[in-house]
Amino acid sequence: MSGEGTQGARLKPGSATRNGEIVRSAFEASARGDLEGWSALSSPDVEDFPRREEPGVKGRYVDWDGRLEYVANWHSGWATYTVEPERFIECGGYE
């Protein structure tokens, strides 16, 4: 997302190189408009739970096809949509 308030993507320590490659690849795929390539970088068991305030969304999207459906709905709200990370920051674990 471009604009004010961009904080940067956060990378988990210990696996930062691999995670960093995945995060960067995901942003590159998104910038190319390659939603399938972007989605394939996540687990096939991915689930997305959008905010209820978002227009036209379901409460839950499951797997890659669900993610693509959700992202297509998200992108439909703008004539153009870009994501431009300013930096990637390594951060603590999720335990």
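Residues numbered from 1 in each chain as written. Predicted model: local features only at pLDDT ≥ 70, side-chain atom pairs only at ≥ 80, totals over all residues. Heavy atoms only, no water.

Visitor: What is the right way to look at helix α3 (residues 63-75) in this model?
Guide: Residue pairs three or four apart in sequence face the same way in an α-helix, which turns once every 3.6 residues. Over its 13 residues, α3 extends 18 Å from the first C-alpha to the last, a length consistent with the 18 Å expected when each residue adds 1.5 Å. On its buried face, α3 sits against α2 (35-40), β2 (47-48) and β3 (61-62). Among the residues of α3, the N-terminal cap falls to D63, whose side-chain oxygen and the backbone nitrogen of D65 are separated by 3.0 Å. (Helix = DSSP H or I, 4+ residues; strand = E, 2+ residues; numbered from the N terminus. Expected span 1.5 Å × (residues − 1). Contact = heavy atoms within 4.5 Å. Polar contact = N/O pair within 3.5 Å; in protein donor to acceptor, adjacent residues only side chain to side chain.)

Visitor: Is there a simple way to explain the environment of Y70 in this structure?
Guide: Along the chain, Y70 turns up in helix α3. Taking the C-alpha atoms as reference points, Y70 and D48, 22 residues apart in sequence, are found 8.0 Å from one another. Apart from the residues within four sequence positions on either side, Y70 is in contact with D48, P50, E54, V57 and Y61.

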